[in-house]
Number of protein chains: 4
Amino acid sequence: MHEERSKPGRPRDRAADDTIRKAALKLVRERGYRNVAITTIAREAGVARQSVYNRWATKADLVLDAVFEDTGRNAEPASPTPDISCRMHLEAFLERVFDHIGSDGGTLRALIAAAQEDPDFQNAFRERFVKPREELVTRLLIEAQDRGELPRWADPDLLSAMVHGTFWYRLLNGHDLDHGLAREIAASVFR
Amino acid sequence: MHEERSKPGRPRDRAADDTIRKAALKLVRERGYRNVAITTIAREAGVARQSVYNRWATKADLVLDAVFEDTGRNAEPASPTPDISCRMHLEAFLERVFDHIGSDGGTLRALIAAAQEDPDFQNAFRERFVKPREELVTRLLIEAQDRGELPRWADPDLLSAMVHGTFWYRLLNGHDLDHGLAREIAASVFR
Amino acid sequence: MHEERSKPGRPRDRAADDTIRKAALKLVRERGYRNVAITTIAREAGVARQSVYNRWATKADLVLDAVFEDTGRNAEPASPTPDISCRMHLEAFLERVFDHIGSDGGTLRALIAAAQEDPDFQNAFRERFVKPREELVTRLLIEAQDRGELPRWADPDLLSAMVHGTFWYRLLNGHDLDHGLAREIAASVFR
Amino acid sequence: MHEERSKPGRPRDRAADDTIRKAALKLVRERGYRNVAITTIAREAGVARQSVYNRWATKADLVLDAVFEDTGRNAEPASPTPDISCRMHLEAFLERVFDHIGSDGGTLRALIAAAQEDPDFQNAFRERFVKPREELVTRLLIEAQDRGELPRWADPDLLSAMVHGTFWYRLLNGHDLDHGLAREIAASVFR
DNA sequence: GAATAATCGAGACGGTACGTCCTGTCTTCAA
DNA sequence: TTGAAGACAGGACGTACCGTCTCGATTATTC
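Residues numbered from 1 in each chain as written. Chains lettered and ligands numbered in written order. Predicted model: local features only at pLDDT ≥ 70, side-chain atom pairs only at ≥ 80, totals over all residues. Heavy atoms only, no water.

1. Quick look at the relation of the copies chain C and chain D
Okay, step 1: Relative to chain D, chain C is turned by 179 degrees and slid 0.0 Å along the rotation axis, the superposed coordinates differing by an RMSD of 0.6 Å. Put plainly, the chains are arranged around a two-fold axis.
Okay, step 2: Taken as a fraction of all interface residues of chain C, those also at the interface in chain D reach 100%, which identifies the copy contact as same-surface. (Least-squares fit on C-alpha atoms with pLDDT ≥ 70 in both. Contact = heavy atoms within 4.5 Å.)

What follows is the structure in structure tokens.
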């Protein structure tokens, strides 16, 4: 039944959650992750600093959460349909990802960077962001093997890492990610 | 003729350069990039803090420089010999890189992270660290095409990005890099 | 009604005010104004450095405040009683001041010096320290005129400046201030 | 014969002495003693920092010297002439001093302040600046006693300290020194 | 309805690191 | 030996954040 046992005391203001997330996202996009202090986010959201700490342990957690609220969707779809080849599916997935990164790449880069400096955050980031996307591609490649589009001896896990690794590498080194790259990667996997 | 015009004023103590670099490297390995302050490095090196600021603008610059002094070598060799296949060359190169990362991976991760937060540093990092290694692999793959080990239609640039991207991706997500992975990547490229 | 509206936020630790002042005074007496850093005062008081900056803008402000807490009293009394001549009152006042300066003259000299280098501090110093003492003597001299101890044509303001100026001059040039000087000054004024 | 034995090596550039003094005086007048660094003076004079240290031990020494070069004259004259009363002499002396302070009071205040913070400088300042002026007034008052302008029971030393102390006190507390004050002080002494 | 308890805005707290500035000494080359 | 230049050790400065804490006020649940 999932009965929501309400605790005693003043309940948390749920509306503030979103206000803070929005403020965080806005500031991170404007000034870059590093140049945004929690104090600044709280002020922008019109909220006490403690109210931020009540909800998220670190800045990285908060920003990760904020990015999700905004981009959580684009990991879900891509359920392969029979009429379209898996290669096209992969290409379409990459195009969607690249489009999003185009407008918000700096934030992703900041999150990857933050993950290198904080083990806890790295864990959260991998579980909630990296893994779902990686597995999505892995499943797609297994489907491709089932359909005969990809040879059996290929290793879907490794290929998935190569796919993501390729655009991470480009992204982290300051390149733009365009649809051409999406096509090339897909071609290279399914050559 | 490259005449070495000595500037006026007391010359910098060249020995200190190295002492500082060594101190930086030691501390970063022991405590992690984030947990090392410039003050600490200066103290460890037995040097005034200003002497550090005289040489490097930021901690990232210093550490990058220190890592070079230590690892600059392993980007140079790998001149392909005719009696060994390019695939074996690539595998050997990756094994060497992975061995080094095994003992010093945290530092590389920290440098990649730092590059995401500082455009100037990103540039230096790419020019002095990333590019040489990327081009080394690219040249190796072109040699492979010349020898007929790799099909003409493959794109060496993209493949090189995939090779590096793959182990960056693994590294950045907390995986260990072992010789098995080196073999798998090489196999995947030359399949 | 002087309603004490409590400001929002965590209130300042009023006890710390005093701890810091005491630490400042102690260190300044031991080592001299110049040789005491704010960091040292904070450490001595067992307080964060920021907590000092939260209360006082400069070292001089802090020390001025500290000296007050300690010496604020000796500007107040000296309410002239009819049975004692104004000259004796002046002499007693000067003796009291000189006694205090005997143990703490270095601090007063440092404050006068600090006032020469910072207009804001000069203002605070004059309003809170110099003026009250100057006016005390001025009033005493006016009372003396009323009693007929001092001729009407004397200028109490100027005489007060001469009284203070004389021992400032001695103090600033490294002389000791003893009761003999107190007597001589009083005699000179009431000759 | 006072033969000037010329030392071996490059002789000191005598012209630089003056250039440095002028630069020091200029900067101290513009920005105030505290806000001028030796580095700044050296740069303004177009001279190496060491060249300053070669000539003066401290900033205070240098500035003291510079002020002398400029004001040394006005302590010398005032040899009392029989046709003018000592009181008029004193008044004239004070007027001259006040005129000079009017344009350069900040520097004197800075020197007095510096003397409070450095015993060596205090000594130099007293011997070379304070004493001559104090004794000048003392001698003038003795002459006055000889002439019968001042009673025998007055103490010239104390009166001289009162005279100087009065305008020091005014000066150090930010008052202007005008001819009116000169007259009042002289009148008060000779009343 | 009173007691209890968590949240809110606000801001002080102990800390840590930063990058700048200045001092007085030392070291180089050239005059 | 001096001069210009500039590096050196050392240390204080004031600022910026961090994550914790302490207020009084508010808003809910529990007794």
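2. Observations concerning the protein's contact with DNA strand F
Okay, step 1: Every one of the 49 residues lining DNA strand F counts as a neighbour, but Gly 9, Ser 51 and Arg 55 of chain B together with Arg 10 and Ser 51 of chain D are closest to it.
Okay, step 2: Ile 38 of chain A is positioned such that a nitrogen or oxygen atom in its backbone is 3.1 Å from a phosphate oxygen of DNA strand F.
Okay, step 3: Of all the secondary structure elements, the ones that give two or more residues to the surface near DNA strand F are α2 (38-45) and α3 (49-55) of chain A, α3 (49-55) of chain B, α2 (38-45) and α3 (49-55) of chain C together with α3 (49-55) of chain D.
Okay, step 4: In terms of residue class, the surface near DNA strand F is built from 17 nonpolar, 15 polar and 17 charged. (Near = heavy atom within 4 Å. Polar contact = N/O pair within 3.5 Å; in protein donor to acceptor, adjacent residues only side chain to side chain. Helix = DSSP H or I, 4+ residues; strand = E, 2+ residues; numbered from the N terminus. Nonpolar A, V, L, I, M, F, W, Y, C, P; charged D, E, K, R; others polar.)

3. Observations regarding helix α7 (residues 156-172) of chain A
Residues and elements named next belong to chain A.
Okay, step 1: With 17 residues, α7 extends 24 Å from end C-alpha to end C-alpha; this agrees with the ideal 24 Å at 1.5 Å per step.
Okay, step 2: Extensive coverage of α7 is indicated by the burial of 16 of its 17 residues.
Okay, step 3: Two to three positions downstream of the cap, the backbone nitrogen of Asp 157 sits 2.9 Å from a side-chain oxygen, assigning the N-cap of α7 to Asp 155. (Expected span 1.5 Å × (residues − 1). Buried < 20%, exposed > 50% of the residue type's maximum accessible area, 1.4 Å probe, protein only.)

4. Re the relation of the copies chain B and chain A
Okay, step 1: In screw terms, the move from chain B to chain A is a rotation of 179 degrees and a rise of 0.0 Å along the axis, fitting with an RMSD of 0.4 Å.
Okay, step 2: Comparing contact sets, 100% of the residues at the interface of chain B also lie at the interface in chain A, consistent with an isologous, same-surface contact.

5. Describing the packing of helix α5 (residues 86-117) of chain C against helix α5 (residues 86-117) of chain D
Okay, step 1: Remark: α5 of chain C packs on α5 of chain D, axes separated minimally by 8 Å, with the N-to-C direction vectors making an angle of 145 degrees. As α5 of chain C runs across α5 of chain D, the sense of the crossing is left-handed. Between α5 of chain C and α5 of chain D, the contacting residues are Arg 109, Ala 113, Ala 115, Gln 116 and Glu 117 of chain C on the first element and Arg 109, Ala 113, Ala 115, Gln 116 and Glu 117 of chain D on the second.
Okay, step 2: Partitioned by chemical class, the residues of the contact of α5 of chain C with α5 of chain D number four nonpolar, two polar and four charged. (Axes fitted to C-alpha atoms, helices over the stretch in contact; angles between N-to-C directions. Left-handed = near helix turned anticlockwise from the far one by under 90°.)

6. Regarding the interface of chain B and chain A
Okay, step 1: Listed as interface residues are 33 residues of chain B and, on the opposing side, 33 residues of chain A.
Okay, step 2: Buried surface at the junction of chain B and chain A, summed over both partners, amounts to about 3400 Å²; 55% is from carbon and sulfur atoms.
Okay, step 3: Where chain B packs against chain A, one counts zero salt bridges.
Okay, step 4: In this assembly, chain B and chain A are joined by 14 residue pairs in polar contact (both at pLDDT 80 or more).
Okay, step 5: Mapped onto the side of chain B that touches chain A, the elements with two or more residues apiece are α5 (86-117), α6 (119-147), α7 (156-172) and α8 (179-190) of chain B. (Buried area = accessible area lost by both parts, 1.4 Å probe. Salt bridge = Lys/Arg side-chain N within 4 Å of Asp/Glu carboxyl O.)

7. A word on the layout of surface pockets
Okay, step 1: Approximately 480 Å³ is the volume found for the largest pocket.
Okay, step 2: Lining the largest pocket we find 28 residues, and of these Tyr 33 and Arg 34 of chain A together with Gln 116, Glu 117 and Asp 118 of chain B sit closest to its centre.
Okay, step 3: For the lining of the largest pocket, the secondary-structure elements that each account for two or more residues are α1 (14-31) and α5 (86-117) of chain A together with α4 (59-71), α5 and α6 of chain B.
Okay, step 4: Looking at the lining of the largest pocket, the element that brings in the most residues is α5 of chain A, giving eight residues. (1 Å grid on protein atoms, 1.4 Å probe; cavity = no way out; pocket = protein on both sides within 12 Å on 5 of 7 lines; lining within 4 Å. Points joined across faces, edges and corners; volume = space filled by probe spheres on them.)

8. A look at the interface of chain C and chain D
Okay, step 1: Between chain C and chain D, the contact holds 33 residues from the first and 33 residues from the second.
Okay, step 2: The contact between chain C and chain D buries some 3400 Å² in all, and 55% of this surface belongs to carbon and sulfur atoms.
Okay, step 3: For the chain C face of the interface with chain D, the top three residues by lost area are Glu 117, Tyr 169 and Arg 191 of chain C, together amounting to 23%.
Okay, step 4: The interface formed by chain C and chain D includes zero salt bridges.
Okay, step 5: Inspection of the chain C/chain D interface yields 14 residue pairs in polar contact (both at pLDDT 80 or more).
Okay, step 6: Secondary structure elements with two or more residues in the side of chain C that touches chain D: α5, α6 (119-147), α7 (156-172) and α8 (179-190) of chain C.
Okay, step 7: Broken down by element, the side of chain C that touches chain D gets its largest block of residues, twelve residues, from α7 of chain C.

9. Quick notes on the protein's contact with DNA strand E
Okay, step 1: The local shell around DNA strand E holds 42 residues, among which Ser 51 and Arg 55 of chain A together with Gly 9, Ser 51 and Arg 55 of chain C are the closest.
Okay, step 2: For DNA strand E, the fraction of protein-proximal atoms (within 4 Å) that sit in sugar or phosphate groups is 59%.
Okay, step 3: The separation between a phosphate oxygen of DNA strand E and a polar main-chain atom of Ala 48 of chain A is 2.8 Å.
Okay, step 4: Residue Ser 51 of chain C places a side-chain N or O atom 2.7 Å away from a phosphate oxygen belonging to DNA strand E.
Okay, step 5: Tallied by class, the residues present in the surface near DNA strand E amount to 14 nonpolar, 14 polar and 14 charged.

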